[in-house]
Amino acid sequence: MATVPRPGAYVCGIDAAMDVIGGKWKVLILWALDNHGSCRFGELRRQVPGITEKVLAAHLRELETDGIVHREAYDEVPPRVEYALTEAGRHLNTALGPLGDWGREHVLGGAPHPA
């Protein structure tokens, strides 16, 4: 799935990337999906403490539209939906790795990566 262009001109690549991952929760959603693989909505909500169902659903829709997250709906009773990173989402998490390293070193004082 290709990324859907958003309205307005971007100044640079970082500007465009921040448009996709901006906000308090999107990076944490990407982190949870990277660490736990395919997740159901409830599992994902538990992995991102403090996020509301409404915000999680909205961010997942936006990430799906941007081609970062894949939503798989299974034809079962009860219905089951799972979310996973796309190839673009995995690449994005790889790009965010150095940012996480910087945060651990300069903000958290070298605290180890939580398991």
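That block above? That's the structure.
Description of the structure in this document. (Residues numbered from 1 in each chain as written. Predicted model: local features only at pLDDT ≥ 70, side-chain atom pairs only at ≥ 80, totals over all residues. Heavy atoms only, no water.)

1. Some thoughts on the overall build of the protein chain
Scanning the protein chain from N- to C-terminus turns up five helices and three strands. Listing the helices and strands of the protein chain from first to last along the sequence gives α-α-β-α-α-β-β-α. Here the protein chain holds 115 residues, and 26% of them are scored as buried. Surface summary for the protein chain: the accessible area is close to 7600 Å², and the carbon and sulfur share equals 60%. (Helix = DSSP H or I, 4+ residues; strand = E, 2+ residues; numbered from the N terminus. Buried < 20%, exposed > 50% of the residue type's maximum accessible area, 1.4 Å probe, protein only. Areas by Shrake-Rupley, 256 points an atom, 1.4 Å probe, with all protein chains shown as cover.)

2. Quick word on the sheet that holds strand 2 (residues 69-74)
The sheet built from three strands is open, its strands ordered 1-3-2 with antiparallel pairing. Edge positions in the sheet fall to strand 1 (39-40) and strand 2, since each of these pairs with one other strand and no more. Relative to strand 3 (residues 80-85), strand 2 is paired through six bridges, and the arrangement is antiparallel. Each bridged residue has a counterpart across the sheet, and for H70 the counterpart in strand 3 is A84. (Pairing = 2+ DSSP bridges.)

3. Some words on the packing of aromatic side chains
Under the definition given, this model contains zero aromatic pairs. Cation over ring: R80 sits above Y74, and NZ or CZ is 3.7 Å from the ring centre. (Phe/Tyr/Trp six-rings, centres within 6.5 Å; stacked < 30°, edge-to-face > 60°. Lys NZ or Arg CZ within 6 Å of the ring centre and 35° of its normal.)

4. Quick word on helix 5 (residues 87-106)
Taking 1.5 Å per residue as the helical rise, helix 5 with its 20 residues ought to reach 28 Å, and the 30 Å between its terminal C-alpha atoms agrees with that figure. Roughly 30° is the biggest bend found in helix 5, and it falls at L96, with proline P98 one to four residues downstream. Along its buried surface, helix 5 packs onto helix 1 (13-21), helix 2 (26-36) and strand 3. (Expected span 1.5 Å × (residues − 1). Bend = angle between axes of the 7 residues up to and from the residue. Contact = heavy atoms within 4.5 Å.)

5. Some thoughts on unusual backbone geometry
A cis geometry characterises the amide bond from V77 onward to P78, with omega recorded as -5°. Its place among the elements puts P78 in the loop between strand 2 and strand 3.

6. Some points on the packing of helix 1 against helix 2
Any two packed helices are characterised by how steeply their axes cross, that is the angle between the axes, and by the distance between the axes. At a minimum axis distance of 8 Å, the contact between helix 1 and helix 2 shows a crossing angle of 75°. Taken together, the axis directions place helix 1 and helix 2 in an arrangement best described as roughly perpendicular. Packed against helix 1, whose contacting residues are D19, V20 and I21, the element helix 2 presents K26, V27 and L30 at the interface. Across the contact of helix 1 with helix 2, the residue classes break down as four nonpolar, no polar and two charged. (Axes fitted to C-alpha atoms, helices over the stretch in contact; angles between N-to-C directions. Parallel < 35°, antiparallel > 145°, perpendicular 65-115°, else oblique. Nonpolar A, V, L, I, M, F, W, Y, C, P; charged D, E, K, R; others polar.)

7. Quick notes on the environment of E43
Mapped onto the fold, E43 is located in helix 3 (residues 41-47). Judged by relative accessible area, E43 falls into the partly exposed class, the value being 34%. C-alpha separation for the pair E43 and A32, spaced eleven residues apart in sequence, amounts to 9.6 Å.

8. Quick notes on helix 2
An α-helix turns once per 3.6 residues; consequently, residues spaced three or four apart project the same way. Residues of helix 2 that are buried: K26, I29, L30, A32 and L33. Projected down its long axis, helix 2 shows its buried positions confined to an angular sector of 160°, all on one face. G37 occupies a position one or two residues after helix 2 and carries a positive phi of about 70°. (Arc of directions from axis to C-beta.)

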